Amino acid sequence: MSHVLVLNGPNLGRLGSREPDVYGSTTFEDLAVLCRDTGRRLGLDVDVRQTDDEAELVRWVHEAADARMPIVLNPAAFTHYSYALRDALAQRTAPLIEVHISNPAAREEFRHNSVVAAVATGTIAGFGMMSYVLALQAVAELLAETPAPH
Ligand code: DQA
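Here's a quick rundown of the structure.

Calculation notes
Residues numbered from 1 in each chain as written. Predicted model: local features only at pLDDT ≥ 70, side-chain atom pairs only at ≥ 80, totals over all residues. Heavy atoms only, no water. 1 Å grid on protein atoms, 1.4 Å probe; cavity = no way out; pocket = protein on both sides within 12 Å on 5 of 7 lines; lining within 4 Å. Points joined across faces, edges and corners; volume = space filled by probe spheres on them. Nonpolar A, V, L, I, M, F, W, Y, C, P; charged D, E, K, R; others polar. Pairing = 2+ DSSP bridges. Helix = DSSP H or I, 4+ residues; strand = E, 2+ residues; numbered from the N terminus. Axes fitted to C-alpha atoms, helices over the stretch in contact; angles between N-to-C directions. Expected span 1.5 Å × (residues − 1). Buried < 20%, exposed > 50% of the residue type's maximum accessible area, 1.4 Å probe, protein only. Contact = heavy atoms within 4.5 Å. Near = heavy atom within 4 Å. Polar contact = N/O pair within 3.5 Å; in protein donor to acceptor, adjacent residues only side chain to side chain. Areas by Shrake-Rupley, 256 points an atom, 1.4 Å probe, with all protein chains shown as cover. Sits in = over half its atoms within 2 Å of the grid points.

A word on the layout of surface pockets. When its volume is computed, the second largest pocket comes out at roughly 170 Å³. If you go around the second largest pocket, you meet 16 residues; those closest to its centre are Tyr-23, Ala-76, Ala-77, Arg-107 and Arg-111. Looking at the lining of the second largest pocket residue by residue, the classes come out as seven nonpolar, six polar and three charged.

We now examine the sheet that holds strand β5 (residues 122-125). Overall, parallel pairing links the five strands, which are arranged β2-β1-β3-β4-β5 in an open sheet. Two strands in the sheet have a free side with no partner beyond their single neighbour: β2 (44-50) and β5. For this sheet, the mean inter-axis angle between neighbouring strands, taken without regard to orientation, is 20 degrees. Summarising the sheet, strand β1 (residues 2-8) and β2 pair through seven bridges and their orientation is parallel. Note that in β2 the partner of His-3 across the bridge is Asp-45.

The next subject is helix α5 (residues 130-145). Helix length check: α5, at 16 residues, gives a terminal C-alpha distance of 23 Å against a target of 22 Å (1.5 Å per residue), a fit within 8%. Those residues of α5 lying buried are Ser-131, Tyr-132, Val-133, Ala-135, Leu-136, Val-139 and Ala-140. At its buried positions, α5 is contacted by β1, α2 (28-42), β2, β3 (71-74), β4 (96-100) and β5.

A few words now on the site of the ligand. Arg-18, Tyr-23, Asn-74, Ala-76, Ala-77, His-80, His-100, Ile-101, Ser-102 and Arg-111 make up every residue found near the ligand. Interatomic distance of 2.8 Å between a side-chain N/O atom of Asn-74 and an oxygen atom of the ligand. Side-chain polar atom of Arg-111 to an oxygen atom of the ligand: 2.9 Å apart, as the coordinates give it. In the complex, 99% of the free accessible area of the ligand, which totals 320 Å², lies under the protein chains. Counting atoms within 2 Å of the grid points, the majority share of the ligand lands in the second largest pocket.

Everything listed here is a matter of coordinates, which is why it stays silent on function.
What follows is the structure, given as structure tokens:
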């Protein structure tokens, strides 16, 4: 089974109570269960993590690069300004799918730019929690196209 990291940036641990009009009422724990169940269905072993700490997120990205592990990443606010995260992601050795629950392009101006998008395989945004399901499906398809070397 291929391992996939689903990484989440700041404030996403507060899903469920955080701005429900924007992010819905699903809690982070519910999201983690959804990702793990989706992974199981797709033959992926999914490890879901969340941090409010940029340094920790960068360390997890390094871990994925060293292990040639795909990442589904919701960088949250780091999307818009973290060059440290972007530089870490540029070292990736496997697919990287950027995800957003909301559609940042339809929101405030400062959310329109992603410093991460240019180093990602692709971006999925605006589908609520389904963004993660679609991203995991994309990872499964990409891995099927290019099986890991033995
Ligand atoms: C977000 C969008 C970001 O602009 C915001 O800072 C977040 C969540 C999303 O999933 O829609 O924290 O990444």
